[in-house]
Amino acid sequence: MTKPVHVLGAGAHPWGKWPNRSQLQLAIDALAMAIDDAGLSWPEIQGLVAASSRFEGGMGWGLHANEVVQAVAEQGIPCVNVGGACAAGAIAFQTAYSMIASGQCDVVAVLGAERMPKGFIPRPPGSQDDITDSDYLRWVAMGATNPAYWAIEANRRKHDFGTTDATLAQASVLMRRNAAGNRLARFRNPTTIDEVLASPMVSDPLHLLEICPVSDGAAALILGSEQYVQRSGKRPVHVAGCAIATGQFGDPGRRIPTISSTVRDDVSHTSEVTTAVQRALAMAGMGPNDIDILEMADNTAWHLLAWPELFGFYEAGQGDWMLNNGKLDIGGDLAVNPSGGFLSFGEATTAQAVLQVCELTWQLRGEAQGHQVPDARVGMSAVLGLGANGGSVILKT
Amino acid sequence: MQIPVAEGLFAVNGAGVQLIGTRCCSCDTLYFPQTPGCRNPLCRDKQLEQVLLPDRGTLYSYTVQRYQPPALFAMDAWSPYALGLVDLGHGLRVMGMLDDVPLDKIAIGMALKLSLRTLTTDENGQSRVTYAFVPDTTKDHA
Ligand SMILES: [Zn+2]
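Just so we're clear, the structure is a prediction, and the values are computed from it rather than from any experiment.

### Things to note about the confidence of the model for chain B
Considering every residue of chain B, the mean pLDDT works out to 95; 97% of them sit at 70 or more. Taken together, the chains of this predicted complex give a pTM of 0.97 and an interface ipTM of 0.96.

Below is the structure:
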């Protein structure tokens, strides 16, 4: 019998470029805000789960949780460090959830903090320069950048459903409009379809303003058992479902950095994420119609059109109509990324999935100043990471 | 003298250019590039053999790379080029550069065949080559 788990507190450092602040400092700031938000202090934190970054900190071994406690609170607690690339925050959440649901701990903190390198992300040290390494082949054989993978999906969508360039641009316009009211977002100036389409073409049909850049940022959550749920005096937020998953054999998605797909009929596109979403919904005893808010990884405008369809919110190809008719707006049928999404934040890889759950927490409490979804009761997150990692969390009031 | 961008990726023989892949004989699945295992969880025996893959296919989707990739990708006289996702049949879709077709004439569904593309040539005349897909003109008249 598992125990109910609740989100007690959330905190995030604003996203941006912070050349004068270390990754550790961003992490400590976000954690301090989350602990304060939960009405707790460090001695009450019984465990820390951190998403491991490969870019900075963690003593070179991904020991980001250990680094934090050694800096601010040496108190013998278990530190767990999890990998999962851009989905690491969701895996950290899942791990902390399990520590409490199992009854082993009552209060566990979740952390994701990242400072991203400039320009192209370098290949990891020790990589093989031969056909065993897809990340080598995609560069030497064809120079396939990440946007190229997403653009290939977007062009196929144009072919299959008649998606227009203006509709793709509209997805970016919506994200910027949502971000305008979110003090944590990096890009808060509203934009227009014309401005998006006038930005440089990166990888046809995707323009610069339709692709998320990289940012620095940090986010933290405090999860707790029933006995702590009233501590902060804030509206309780419950974990209704959470799940992580990996890819299915035969997935037709273009998976970075591979240079081919072995496709089988009836296997979901981006199966690592759709599987996580289905598992989280099953755990919550809910269906797509129960979800008021979807915070999803919008690496590009294409993702905003395709992902809700893949999750079963509506039929394949309907996303264009939903977007163009305001159904995905704050106040629409399904508010997609009221935060402004990755397109307005820039991706701080391992921190991103933790930020998604922070945003859902604030929305469900009615604390999302400037971008509040009216009467939000249930929110879902969805994220994808390298290695075919997917994660999803469902919160409810 | 032509040097492939990676050993074991493609073969050039009398018939032209062919990609080197792996076929799982147990579940009849094709993989590219060569793989050390069969990823099908329902496949038990996972008997693998090296195969030369079909050299013709159809364009499933594509993009045009408008800015220069990192230095690992070397190309003389760089200019935007097309990248395709090509359906080789039997459930296998392969990415590769598209060649010999104007960027505004690329169309999903077009018939393609494998070819070689020279990326760089040094002062000794030694060139680095990769595989690429070009329009399959035999198909147009068929
Ligand atoms: Zn097999």
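Past the structure itself, the notes keep going.
### Side note on the interface of chain B and chain A
In this complex, chain B contributes 44 residues to the contact, which on the side of chain A involves 34 residues. Together chain B and chain A conceal approximately 3,400 Å² of surface at their shared face, both sides included; 62% is due to carbon and sulfur atoms. Linking chain B with chain A are one salt bridge, by the criterion used here. Across the salt bridge formed by Asp204(A) and Arg66(B), the nearest N and O atoms sit 2.8 Å from each other. Looking at side-chain class alone, the side of chain B that touches chain A contains 26 nonpolar, twelve polar and six charged residues.

### As for the pairing of strand β8 (residues 237-246) of chain A
All names here are of chain A. When you tally the buried positions in β8, you get seven out of ten residues, the bulk of the element. Across eight bridges, β8 lies against strand β13 (residues 389-396) in antiparallel orientation. Counterpart to Ala245 in the pairing with β13 is Gly390.

### Remarks on the pattern of salt bridges
Per the stated rule, a full pass over the model turns up 24 salt bridges over all chains. Residue Asp37(A) is joined to Lys234(A) by a salt bridge in which the shortest nitrogen-to-oxygen separation is 2.8 Å. With Asp37(A) in helix α1 (residues 23-37) and Lys234(A) in the loop between β7 (216-224) and β8, the pair connects residues that are 197 residues apart, well separated along the chain. The exposure class assigned to Lys234(A) is partly exposed, which follows from its relative accessible area of 28%. The salt bridge involving Arg56(B) is made with Asp55(B); its shortest N-O contact spans 3.5 Å. Look at Arg56(B) and you get partly exposed, because its relative accessible area is 37%. Exposure remark for Asp55(B): the relative accessible area of 21% places this residue in the partly exposed category.

### Some words on the environment of Arg183(A)
Residue and element names in this part refer to chain A. Turning to its location among the elements, Arg183 is positioned in the loop between α6 (165-179) and α7 (193-198). For Arg183, a relative accessible area of 57% puts it in the exposed group. With 171 residues separating them along the chain, Arg183 and Ala12 place their C-alpha atoms 11 Å apart. In this structure, Arg183 is in contact with Pro14 and Arg188, ignoring residues within four places of it in sequence.

### Regarding the side chain of Ser52(A)
Residue and element names in this part refer to chain A. Locating Ser52 in the fold gives a position in the loop between β2 (47-51) and α2 (64-72). For Ser52, a relative accessible area of 16% translates into the label buried. At a separation of 2.8 Å, a polar atom in the side chain of Ser52 contacts the main-chain carbonyl oxygen of Gly62. Those residues in contact with Ser52 that sit more than four places away from it in its chain are Gly62, His64, Asn81, Val82, Gly83 and Thr350.

### As for the coordination of the zinc ion
Angles between donor atoms at a metal ideally measure 109.5 degrees for a four-coordinate tetrahedral arrangement and either 90 or 180 degrees for a six-coordinate octahedral one. All names here are of chain B. Protein coordination of the zinc ion is provided by Cys24 (SG), Cys27 (SG), Cys38 (SG) and Cys43 (SG), with donor distances spanning 2.3 Å. Considering all four donor atoms around the zinc ion, the spread of angles at the metal, 102 to 118 degrees, places the coordination shape in the tetrahedral class. Spacing between the donor residues of the zinc ion along the chain follows C-x2-C-x10-C-x4-C. One end of the pair, Cys27, is in the loop between β3 (16-24) and β4 (29-31); the other, Cys38, is in the loop between β4 and β5 (48-52), with eleven residues separating them in the sequence. Here Cys38 falls in the buried class, since its relative accessible area comes to 7%.

### A look at the packing of aromatic side chains
Evaluation of the coordinates by the stated rule reveals seven aromatic pairs over all chains. A ring pair is formed by Phe32(B) and Tyr131(B), whose centres lie 5.8 Å apart and whose planes are at 85 degrees; its orientation type is edge-to-face. Residue Phe32(B) is located in the loop between β4 and β5, and its partner Tyr131(B) is located in strand β10 (residues 127-135); the two are separated by 99 residues in the primary sequence. Comparing Phe32(B) with Tyr131(B), the two get one shared label, buried. Aromatic rings pair up to connect Phe10(B), Phe32(B), Tyr131(B) and Phe133(B) into one cluster. For Arg156(A), the ring lying beneath its charged end belongs to Tyr60(B), and the centroid distance is 3.9 Å. Just above the ring of Tyr60(B) sits the side chain of Arg93(B); from NZ or CZ to the centre is 3.8 Å.

Rules used throughout
- Residues numbered from 1 in each chain as written.
- Chains lettered and ligands numbered in written order.
- Predicted model: local features only at pLDDT ≥ 70, side-chain atom pairs only at ≥ 80, totals over all residues.
- Heavy atoms only, no water.
- pLDDT = per-residue confidence, 0-100.
- Contact = heavy atoms within 4.5 Å.
- Buried area = accessible area lost by both parts, 1.4 Å probe.
- Salt bridge = Lys/Arg side-chain N within 4 Å of Asp/Glu carboxyl O.
- Nonpolar A, V, L, I, M, F, W, Y, C, P; charged D, E, K, R; others polar.
- Buried < 20%, exposed > 50% of the residue type's maximum accessible area, 1.4 Å probe, protein only.
- Helix = DSSP H or I, 4+ residues; strand = E, 2+ residues; numbered from the N terminus.
- Pairing = 2+ DSSP bridges.
- Polar contact = N/O pair within 3.5 Å; in protein donor to acceptor, adjacent residues only side chain to side chain.
- Donors = N, O, S within 2.8 Å, 3.2 Å for Na, K, Ca; no water.
- Tetrahedral: all angles 85-135°; square planar, octahedral: opposite > 155°, others 65-115°.
- Phe/Tyr/Trp six-rings, centres within 6.5 Å; stacked < 30°, edge-to-face > 60°.
- Lys NZ or Arg CZ within 6 Å of the ring centre and 35° of its normal.

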